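Examining the three-dimensional arrangement
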Amino acid sequence: MKAIKLSSTDNVATLLGSVEKHELVEIISANNEVIAQVNALQKITFGNKIALGDIPLGEHILKCGHSIGKSIVEIPLGQLVHVQNVRSERLDIPDAIIEEIIKQMGIEQ
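Residues numbered from 1 in each chain as written. Predicted model: local features only at pLDDT ≥ 70, side-chain atom pairs only at ≥ 80, totals over all residues. Heavy atoms only, no water.

The name given to the protein in an unreviewed UniProt entry is Carbohydrate kinase, with the source organism recorded as Photobacterium sanguinicancri.

Right under this line is the structure:
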């Protein structure tokens, strides 16, 4: 499976299909060049983000060269980057909604 890194500054890539835990993901650039391979640490569904390196607590999550939130825990290389480990800087999502998203998506924690 492939994931696209849209900007050279991004620390996440967006999955172009779903992957299973331990599946190898080819990271491609916006020019469709393979630039890395990452082992998925958990199941990640189409359109979600995978960490391209270890992301420290409090680090900005960069997609398309822009911050889309900050990590609330350390996020290891290959882990799903979503509501269970990131908080938006633009939208305050209530904890109950976050828990429901985690439940419905079956996100490993």
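Okay, the nonpolar core next. Residues Ala3, Leu15, Val19, Val25, Ile27, Ile44 and Ile50 are the most contacted members of the largest nonpolar core, which totals 15 residues. Mapped onto this core, the elements with two or more residues apiece are β2 (12-15), β3 (24-28) and α1 (95-105). Discounting chain neighbours no more than four positions away, the residues touching Ile27 are Ala3, Lys5, Ala13, Glu33, Val34, Ile35, Ala36, Val38, Ile50 and Leu52. The next biggest cluster of nonpolar side chains, apart from the first, holds seven residues, and it includes Val12, Ile55, Ile61 and Ile75. (Core = buried A, V, L, I, M, F, W, Y, C linked by side-chain atoms within 4.5 Å. Buried < 20%, exposed > 50% of the residue type's maximum accessible area, 1.4 Å probe, protein only. Helix = DSSP H or I, 4+ residues; strand = E, 2+ residues; numbered from the N terminus. Contact = heavy atoms within 4.5 Å.)

When strand β6 (residues 60-63) meets strand β7 (residues 66-71), the two strands line up antiparallel, connected through four bridges. Note that in β7 the partner of Lys63 across the bridge is His66. (Pairing = 2+ DSSP bridges.)

Pairing is mixed across the open sheet formed by six strands, whose spatial order is β4-β3-β1-β2-β5-β8. The strands lining the two open edges of the sheet, one partner per strand, are β4 (34-39) and β8 (80-81). Across two bridges, strand β5 (residues 49-51) lies against β8 in antiparallel orientation. Its bridge partner lying in β8, Ile50 is registered against Leu80.

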